[in-house]
Amino acid sequence: MVDGPTVAHLENEAGSCKRWWWACLLLVQNYVNVRDNCLEITWYLSTDFQLIVISPLFIFILWKYKYKAFWLFVAIICSTQLGIFFARYNDTIPSREIYGQTHFRIAQYLIGIGLGYKMNDLDVKHFMRKRYQLIGWLASFSIFIGIQIIRETYRNQRFAEAFFSSVHRIAFVGLVSWIIYVCHYLKSGGIVNWFLSQPLWQPIAKISLSIYLIHTTYIIMSNVNSEDCMHLNATWLMHILFGDFVIATLLASILYLVIEAPSNLIIKYLIK
């Protein structure tokens, strides 16, 4: 399927899978072989699986202590983000490890768990005044955009890079959480809610994981099969971008129908 001047890249990838197939199978390669992943994109599967495994502990704490448990969540989030800041500032931990290891990703997961608890708390009224909603929209977008501006303005400065590494994912998750909270929980959100509620997104949402898992492999194979250098411009780049998206979506649809959808049906049947 591949034959080109850069085929050595895939040979190296195959070598990683021969050495570390067991870590990939056991979903521990984000700790065991961080710098030599088998199918690098699958770091997410290991991290996500580990977070799912430990999530019942935090759900039990929420059930037991209710909103008092949020103080524990805040303490964990602050400590992990400070750890990321000092690790990046002092360059003591490679960015690759910070990117994929579970204890560096748990802060975003806790925000999601906290949001889910809040949205399922039947004792709280589903209401917020419009002016407070406006303040929330302005604050969430301003913080997220402001962090991006800081990074671009002070690029390659150690403090700014460390600050960005420690807060940008929290800002993104905070923005997404706010959108979910307002649109789904408060049944508000205006044009944002209307846009995100379109039926068009439902099939894309179902195959989104398959798109994520397949797109990198397809792009690598396309690049390896190239027999000459490409001279990119904006038009050609858009052509490649949309072509990759369409083909990755088609391949992901096949992957979903053959593997993910049947697996979901089997799991549902076993649970029942």
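All figures in this text were calculated on a predicted structure; none of them were measured in a lab.

## A word on the overall build of the chain
Working step 1: The secondary structure content of the chain amounts to 12 helices and zero strands.
Working step 2: Of the regular secondary structure in the chain, the N- to C-terminal order runs α-α-α-α-α-α-α-α-α-α-α-α.
Working step 3: Considering only C-alpha atoms, the chain reaches an extent of 60 × 50 × 45 Å along its principal axes.
Working step 4: The 272 residues of the chain split such that 32% are buried.
Working step 5: Across the chain, contacts joining residues at least 24 apart in sequence account for 68% of those joining residues at least 6 apart.
Working step 6: For the chain, the exposed area adds up to about 18,200 Å²; of that, 70% sits on carbon and sulfur atoms.

## A look at the nonpolar core
A general tendency of soluble globular proteins is for nonpolar side chains to be buried together.
Working step 1: Counting residues in each nonpolar core, the largest one holds 13 residues, and the members touching the most others are Phe-58, Leu-62, Phe-73, Ile-76, Ile-106, Leu-110 and Ile-113.
Working step 2: Within the residue set of this core, elements represented by two or more residues are helix H3 (43-65), helix H4 (69-90) and helix H6 (102-119).
Working step 3: Top contributing element to this core by residue count: H6, with five residues.
Working step 4: Contact partners of Leu-62, with chain neighbours within four places excluded, come to Ala-69, Phe-70, Phe-73, Ile-113 and Tyr-117.
Working step 5: Listed in part, the 11 residues of the second largest apolar core include Met-119, Trp-178, Tyr-181 and Leu-186.

## As for the confidence of the model for the chain
Working step 1: Confidence in the prediction of the chain, expressed as mean pLDDT, is 86, and 93% of residues score 70 or more.
Working step 2: In the model of the chain, helix H1 (residues 8-25) stands out as the element of lowest mean pLDDT, 76, in contrast to H4, which has the highest, 93.

## Quick word on the layout of surface pockets
Working step 1: Taken as a whole, the largest pocket holds about 850 Å³ of empty space.
Working step 2: Around the largest pocket, the lining is made up of 20 residues, and of these Tyr-44, Phe-172, Val-173, Val-176 and Ser-208 lie nearest the centre.
Working step 3: Of the residues belonging to the lining of the largest pocket, the class tally is 13 nonpolar, four polar and three charged.

## Overview of unusual backbone geometry
Working step 1: Residue Lys-66 is not a glycine yet carries a positive backbone phi of 55°.
Working step 2: Owing to a relative accessible area of 48%, Lys-66 belongs among the partly exposed residues under this scheme.
Working step 3: The phi torsion at Asn-156 lies on the positive side, around 70°, for a residue other than glycine.
Working step 4: On the basis of relative accessible area, Asn-156 is assigned to the exposed category, the value being 70%.

## What to know about a nonpolar patch on the surface
Working step 1: There is a patch of nonpolar side chains on the surface, built from Phe-245, Val-246, Ile-247, Leu-250, Leu-251, Ile-254, Leu-257, Val-258 and Ile-259 and spanning about 850 Å² of accessible area.
Working step 2: Mapped onto the elements of the fold, Val-258 is located in helix H12 (residues 234-271).

## A short note on the packing of H4 against helix H8 (residues 158-185)
Working step 1: Between H4 and H8, the shortest axis-to-axis distance is 8 Å and the interhelical angle comes to 150°. Taken together, the axes of H4 and H8 are roughly antiparallel relative to one another. Seen from above, H4 lies across H8 with right-handed handedness. When H4 is examined against H8, the residues Ile-77, Gln-81, Ile-84, Phe-85, Arg-88 and Tyr-89 are found in contact with a partner set consisting of Arg-158, Phe-159, Ala-162, Phe-163, Ser-165, Ser-166 and Ile-170.
Working step 2: Class assignment for the residues of the contact of H4 with H8 results in eight nonpolar, three polar and two charged.

## Remarks on helix H7 (residues 130-153)
Working step 1: If you check H7, its first and last C-alpha atoms are 34 Å apart, about what 24 residues at 1.5 Å a residue would give, namely 34 Å.
Working step 2: Regarding H7, the residues found buried are Gln-133, Gly-136, Trp-137, Ser-140 and Ile-147.

Quick notes on the rules
- Residues numbered from 1 in each chain as written.
- Predicted model: local features only at pLDDT ≥ 70, side-chain atom pairs only at ≥ 80, totals over all residues.
- Heavy atoms only, no water.
- Helix = DSSP H or I, 4+ residues; strand = E, 2+ residues; numbered from the N terminus.
- Buried < 20%, exposed > 50% of the residue type's maximum accessible area, 1.4 Å probe, protein only.
- Contact = heavy atoms within 4.5 Å.
- Areas by Shrake-Rupley, 256 points an atom, 1.4 Å probe, with all protein chains shown as cover.
- Core = buried A, V, L, I, M, F, W, Y, C linked by side-chain atoms within 4.5 Å.
- pLDDT = per-residue confidence, 0-100.
- 1 Å grid on protein atoms, 1.4 Å probe; cavity = no way out; pocket = protein on both sides within 12 Å on 5 of 7 lines; lining within 4 Å.
- Points joined across faces, edges and corners; volume = space filled by probe spheres on them.
- Nonpolar A, V, L, I, M, F, W, Y, C, P; charged D, E, K, R; others polar.
- Patch = residues over 30% accessible without salt bridge, like charges linked within 9 Å, V, L, I, M, F, W, Y side chains within 5 Å.
- Salt bridge = Lys/Arg side-chain N within 4 Å of Asp/Glu carboxyl O.
- Axes fitted to C-alpha atoms, helices over the stretch in contact; angles between N-to-C directions.
- Parallel < 35°, antiparallel > 145°, perpendicular 65-115°, else oblique.
- Left-handed = near helix turned anticlockwise from the far one by under 90°.
- Expected span 1.5 Å × (residues − 1).

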